[in-house]
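Residue strings, one per chain:
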Amino acid sequence: MNTSRRSFMIFSIGMGPALWLTQARADAPHLSESDPAAAAVGYKEDAAKVDKAKYPNFAAGQTCANCSLFQGKSSDAWGGCTLFNDKLVAGKGWCASYTNM
Ligand code: SF4
């Protein structure tokens, strides 16, 4: 087996479980705002409802759909998030862990 093929196989075997663990299934439950992990980072399904006094780092236009941790397409209503890998977050949502692309 040549080196590049072996490297690819090792990468694939190593990354497979990691990808499986970090991507929420399309039919995964939606993250609730009352979930303690969500509440801890001020998650809102609608970014327009973010408490701007409590989260002054929030900027207009920031949503889960354009956060680098979002695992869906920018047009998806719901998608995975690397913070909440077993739940889906709203594309229109936001939390204090928002990260620019
Ligand atoms: S980290 Fe990004 S995608 Fe995940 S809930 Fe927060 S803003 Fe949304």
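Located above this text is the structure these notes cover.
Just so you know, the residues in each chain are numbered from 1, in the order the chain's sequence is written. Side-chain atom pairs in this predicted model are given and counted only at pLDDT of 80 or more, local residue features only at pLDDT of at least 70, and totals for whole chains, interfaces and linings cover all residues. Only hydrogens and water are removed before side-chain values are computed, so all heavy atoms of the structure are retained for them.

S.K.: Any details on the pattern of salt bridges? Residues and values, ideally.
M.R.: A carboxyl oxygen of Asp or Glu within 4 Å of a side-chain nitrogen of Lys or Arg is what we treat as a salt bridge. Here the structure, examined in full by the defined rule, presents four salt bridges. Between Lys-44 and Glu-33 there is a salt bridge, with its nearest N and O atoms 3.9 Å apart. Of the two residues, Lys-44 is situated in the loop between α2 (36-40) and β1 (78-80) and Glu-33 in the loop between α1 (3-22) and α2; the sequence distance between them amounts to 11 residues. One salt bridge in this structure joins Lys-73 and Asp-76, with 3.6 Å as the shortest N-O distance. Each helix corresponds to a stretch of at least 4 residues labelled H or I by DSSP, and each strand to a stretch of at least 2 residues labelled E; elements are numbered beginning at the N terminus.

S.K.: Describe in detail the nonpolar core, supporting the description with residues and values.
M.R.: What is meant by a nonpolar core is a set of buried Ala, Val, Leu, Ile, Met, Phe, Trp, Tyr and Cys residues, joined one to another through side-chain atoms within 4.5 Å. For each residue, the accessible area found with a 1.4 Å probe, counting protein chains only, is set against the maximum for its type, and the residue is called buried under 20%, exposed over 50%, and partly exposed in between. Counting 12 residues, the largest nonpolar core is built from Leu-31, Ala-38, Val-41, Tyr-43, Cys-64, Ala-65, Phe-70, Cys-81, Phe-84, Val-89, Ala-90 and Cys-95. Discounting residues that sit within four places of it in the chain, Cys-95 has contacts with Val-41, Gly-42, Tyr-43 and Leu-83. Residues Ala-47, Val-50, Cys-67 and Tyr-98 belong to the second largest nonpolar core, which totals seven residues. In this description, contact between two residues means that some pair of their heavy atoms is separated by no more than 4.5 Å.

S.K.: Describe the site of the ligand, listing the residues and the values that go with them.
M.R.: Proximity is defined per residue: if any heavy atom of the residue lies within 4 Å of a molecule or strand, that residue is considered near it. Neighbouring residues of the ligand: Tyr-43, Cys-64, Cys-67, Leu-69, Phe-70, Cys-81, Leu-83, Phe-84, Val-89, Cys-95, Ser-97 and Tyr-98. Basically, the charged four are Asp, Glu, Lys and Arg, the nonpolar ten are Ala, Val, Leu, Ile, Met, Phe, Trp, Tyr, Cys and Pro, and anything else, Gly included, counts as polar. When its residues are assigned to classes, the shell around the ligand shows 11 nonpolar, one polar and no charged.

S.K.: So what about the packing of aromatic side chains? Which residues, and what values?
M.R.: Pairing of aromatic side chains here covers Phe, Tyr and the six-membered ring of Trp, requires ring centres within 6.5 Å, and sorts the geometry by plane angle: under 30 degrees stacked, over 60 edge-to-face, intermediate tilted. Here the structure, examined in full by the defined rule, presents two aromatic pairs. Each ring, one from Tyr-55 and one from Trp-94, has its centre 5.8 Å from the other, and the planes form 65 degrees; the classification is edge-to-face. You can see Tyr-55 sitting in the loop between α2 and β1 and its partner Trp-94 sitting in the segment after β2 (88-90), a full 39 residues away along the chain. The burial state of Tyr-55 is the same as that of Trp-94; both residues are buried.

S.K.: Could you give an account of the side chain of Asp-35, naming the residues involved and the relevant values?
M.R.: Within the secondary structure, Asp-35 is located in the loop between α1 and α2. There is a polar contact of 2.8 Å between the side chain of Asp-35 and the backbone nitrogen of Ala-37. Think of a polar contact as two N or O atoms within 3.5 Å of one another; within protein, one of them needs to be a possible hydrogen donor and the other a possible acceptor, and neighboring residues in sequence only count if both atoms come from side chains.

S.K.: Could you give an account of the environment of Glu-45, naming the residues involved and the relevant values?
M.R.: Along the polypeptide, Glu-45 turns up in the loop between α2 and β1. Residue Glu-45 is classed as partly exposed on the basis of its relative accessible area of 34%. Measuring from C-alpha to C-alpha, the distance between Glu-45 and Trp-78 comes to 9.7 Å, with 33 residues separating the pair along the chain. Setting aside chain neighbours within four positions, we find Glu-45 in contact with Leu-31, Glu-33, Trp-78, Ala-90, Lys-92 and Gly-93.

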